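Spelled out from the first residue to the last, the chains are:
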Amino acid sequence: MKNESLENTINLDRAIYVMSQNLDNQDSPRVGIFWYDARNDDLFGVVSSHASEARVSKGFATVNTLHRDYWKKQYNKFKFKSNGGEVYPYIGDYKDTPRGRVFYDVNANRYIVNVGSWINEYPQAKALIIDEFNLEGENYLFETAIHWEIGHGWEG
């Protein structure tokens, strides 16, 4: 029993050391996905990582998580926890709520925030996105595209 306790202490010290190496990295810009909750003027379902840790494909870095898959997982989790009750904000299909994705363009050294035209109806969401993904002071651009329009996705 004594050796087990010592092992845990050593592992804990190692874990604390490794975590402490990330202290200076907490405000680094991030890439990922999000939804915008217009009712509460807030982001939710945010999945992000530092751009340096993200997967790069064809010159763009982002997280591997898809909106469709994350929504389904969260919906099922909330549904279970609520005993079949309301699962707000995961209501309807993942495409029915304003959403977007932050990419990092490695060639242009710029962050691209892809959203639908819904951003024009909720311009205050831009500040939330900039803050959530630590983009203040970075080279970034908001772009609208059909894929992130409400009601659109992989299926059209």
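Scroll up to find the structure.
> Please clarify how the side chain of Arg30 should be interpreted in this entry.
Its place among the elements puts Arg30 in strand β1 (residues 30-37). Notably, Arg30 is buried but unbridged: the nearest opposite-charge side chain belongs to Glu53, and the N-O separation is 5.7 Å. Of note is the side chain of Arg30, whose polar atom sits 3.0 Å from the side chain of His50. Setting aside its immediate chain neighbours within four residues, Arg30 contacts Ser48, Ser49, His50, Ala51, Val102, Tyr111, Glu132, Phe133, Asn134 and Leu135.

> Is there a simple way to think about the pairing of β1 in this case?
Along β1, eight of the eight residues are buried, which leaves the element largely enclosed by surrounding structure. Of the two faces of β1, the one carrying Arg30, Gly32, Phe34 and Tyr36 and the one carrying Val31, Ile33, Trp35 and Asp37 are both buried. In terms of strand pairing, β1 meets strand β2 (residues 42-50) through seven bridges, oriented antiparallel. Among the inter-strand pairings, Trp35 is bridged to a residue of β2, identified as Phe44. Counted between consecutive antiparallel strands, the loop separating β1 from β2 contains four residues, among which Asp41 sits at a positive phi close to 45°. Sheet analysis places β1 next to strand β5 (residues 99-105), joined by four bridges and oriented antiparallel. The residue of β5 that forms the bridge with Phe34 is Gly100.

> I tried to follow the nonpolar core on my own but got confused; where do I start?
Burial of nonpolar side chains together is a common tendency in soluble globular proteins. In this structure, Phe34, Val102, Val113 and Ile129 are the most contacted members of the largest nonpolar core, which totals 20 residues. Mapped onto this core, the elements with two or more residues apiece are β1, β5, β6 (110-115), α3 (118-121) and α4 (125-132).

Definitions and cut-offs
Residues numbered from 1 in each chain as written. Predicted model: local features only at pLDDT ≥ 70, side-chain atom pairs only at ≥ 80, totals over all residues. Heavy atoms only, no water. Helix = DSSP H or I, 4+ residues; strand = E, 2+ residues; numbered from the N terminus. Buried < 20%, exposed > 50% of the residue type's maximum accessible area, 1.4 Å probe, protein only. Lys, Arg positive; Asp, Glu negative; His and termini not counted. Salt bridge = Lys/Arg side-chain N within 4 Å of Asp/Glu carboxyl O. Polar contact = N/O pair within 3.5 Å; in protein donor to acceptor, adjacent residues only side chain to side chain. Contact = heavy atoms within 4.5 Å. Pairing = 2+ DSSP bridges. Core = buried A, V, L, I, M, F, W, Y, C linked by side-chain atoms within 4.5 Å.

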